[in-house]
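Residue-level structure breakdown
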Amino acid sequence: MAIVQQSFSVKTSRRCEMIDITSRVEKVVAESGIRTGTVTVFCPHTTAAITINENADPDVVHDLLLTLEALIPQHRAGYRHNEGNSDAHVKSSLVGASVQVLVESGRMVLGTWQAIYFCEFDGTRTRNTIVKVMGE
Amino acid sequence: MAIVQQSFSVKTSRRCEMIDITSRVEKVVAESGIRTGTVTVFCPHTTAAITINENADPDVVHDLLLTLEALIPQHRAGYRHNEGNSDAHVKSSLVGASVQVLVESGRMVLGTWQAIYFCEFDGTRTRNTIVKVMGE
Amino acid sequence: MAIVQQSFSVKTSRRCEMIDITSRVEKVVAESGIRTGTVTVFCPHTTAAITINENADPDVVHDLLLTLEALIPQHRAGYRHNEGNSDAHVKSSLVGASVQVLVESGRMVLGTWQAIYFCEFDGTRTRNTIVKVMGE
């Protein structure tokens, strides 16, 4: 059994933004030498998240962020947390702190249109992403 | 350590639909011969998802799809993606592309009322589900 | 390869509540003796969930539950499930039945502000949480 963990930083440039990190995760998988197993992509922040969605039309990302903003606006009557980012914490839990992708023949098993995104909900910041590959 | 990956197709018959795939995943786990470990159920599509929810009363699935439709209707002012399925992409990221279930004594460790569902949000289509069991 | 599974119960005292279970999961990881790998925290209930969010200001949890209640109220026109907890089933699928956390040097790799929460959406009840550590 082989287990490899690496991390990389992600610089965000807007309050809400989705950044395609697929090639950076693929690089960790390739360098691990693991042929079959799984890779976990983990976000160690509570106002950000990781998700999988379309890699082709950037309008999909636009529409996803638009919908999240419509459902979970930055300000809501009754919010108590005084940093003005309660919305970002909610989005983080709904989108999720990690994704898991299968690895076969040394590569990630992603659908034709799938990319892995780091989701920033309270930027701009320098963020961290931790990647762990397990298999053989 | 043993690692087994299999996939199967799922035919959907409505635009939005949840299909119980528990027995098909259980079959992969049984055939793997793995006694203890985890199984990852992965959806390689960006307008569909995988979730765990109640297996008994089909009204739960009805109410879940009704709520998703109310929160994320097919059309929204400001949508740019021109395929008319931006809602499906949003639902995909909120529900999630995969679930992970524990395996013990050669079987999935699911609660009494838990089933694994393939969630179609932009049908009808023929979809794919990829299952990976890791353990020993 | 080492694989360890343990479970513990969680008593909830309100209909909707988030309970920090980080130290209980950390205890399972420590007792497993596993130095590097992953830990999966799984909720075997369909009206509850597991998530990761802020460990410092309890107002974040308040605001998260407030937002979920605003988006997914207990009663909605069209609900068919006759147990009055359709909202809890929806929240369960949106927040998710499990989280996966990386393990390195025998400890969970969590960000400074991250805690693992058991999310009760249909209490009060006595619930179960299953933890599986895999690695070496």
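Residues numbered from 1 in each chain as written. Chains lettered and ligands numbered in written order. Predicted model: local features only at pLDDT ≥ 70, side-chain atom pairs only at ≥ 80, totals over all residues.

**As for the sheet that holds strand S1 (residues 2-11) of chain C**
All names here are of chain C. Ordered by their spatial adjacency, 5 strands build an open sheet running S1-S8-S3-S5-S6, and the pairing between neighbours is antiparallel. Across the chains shown, the open sheet's two edge strands, defined by having one partner strand only, are S1 and strand S6 (107-108). Inspection of the sheet shows S1 paired to strand S8 (residues 126-135) by 10 bridges, in the antiparallel sense. Bridging from a neighbouring strand, Gln5 pairs with Lys132 of S8. (Pairing = 2+ DSSP bridges. Helix = DSSP H or I, 4+ residues; strand = E, 2+ residues; numbered from the N terminus.)

**Structural notes on the interface of chain C and chain A**
Counting residues at the interface gives 31 residues for chain C and 28 residues for chain A. It is helix H2 (residues 58-71) of chain C that contributes the most residues to the side of chain C that touches chain A, 8 residues altogether. (Contact = placed C-beta atoms within 7 Å.)

**Some words on helix H1 (residues 22-32) of chain C**
Residue and element names in this part refer to chain C. When we look at burial in H1, the residues that qualify are Val25, Val28, Val29 and Ser32. Angularly, the buried residues of H1 cover 100° about the axis, an arc narrow enough to put them on a single face. Within H1, the exposed residues directed more than 90 degrees away from the buried face are Ser23 and Glu31. On the buried face of H1, the contacting elements are S1, strand S3 (37-42), strand S5 (98-104), S6, strand S7 (114-120) and S8. (Buried ≥ 20, exposed ≤ 12 C-beta atoms within 10 Å, placed from the backbone. Arc of directions from axis to C-beta.)

**Considerations on the packing of helix H3 (residues 86-95) of chain A against H2 of chain C**
Where H3 of chain A meets H2 of chain C, the closest approach of the two axes is 9 Å, and the angle between their N-to-C directions is 70°. The angle between H3 of chain A and H2 of chain C falls in the class roughly perpendicular. The interaxial crossing formed by H3 of chain A with H2 of chain C has right-handed handedness. When H3 of chain A is examined against H2 of chain C, the residues Ser86, His89, Val90 and Ser93 of chain A are found in contact with a partner set consisting of Val60, Asp63, Leu64 and Thr67 of chain C. Across the contact of H3 of chain A with H2 of chain C, the residue classes break down as 3 nonpolar, 4 polar and 1 charged. (Axes fitted to C-alpha atoms, helices over the stretch in contact; angles between N-to-C directions. Parallel < 35°, antiparallel > 145°, perpendicular 65-115°, else oblique. Left-handed = near helix turned anticlockwise from the far one by under 90°. Nonpolar A, V, L, I, M, F, W, Y, C, P; charged D, E, K, R; others polar.)

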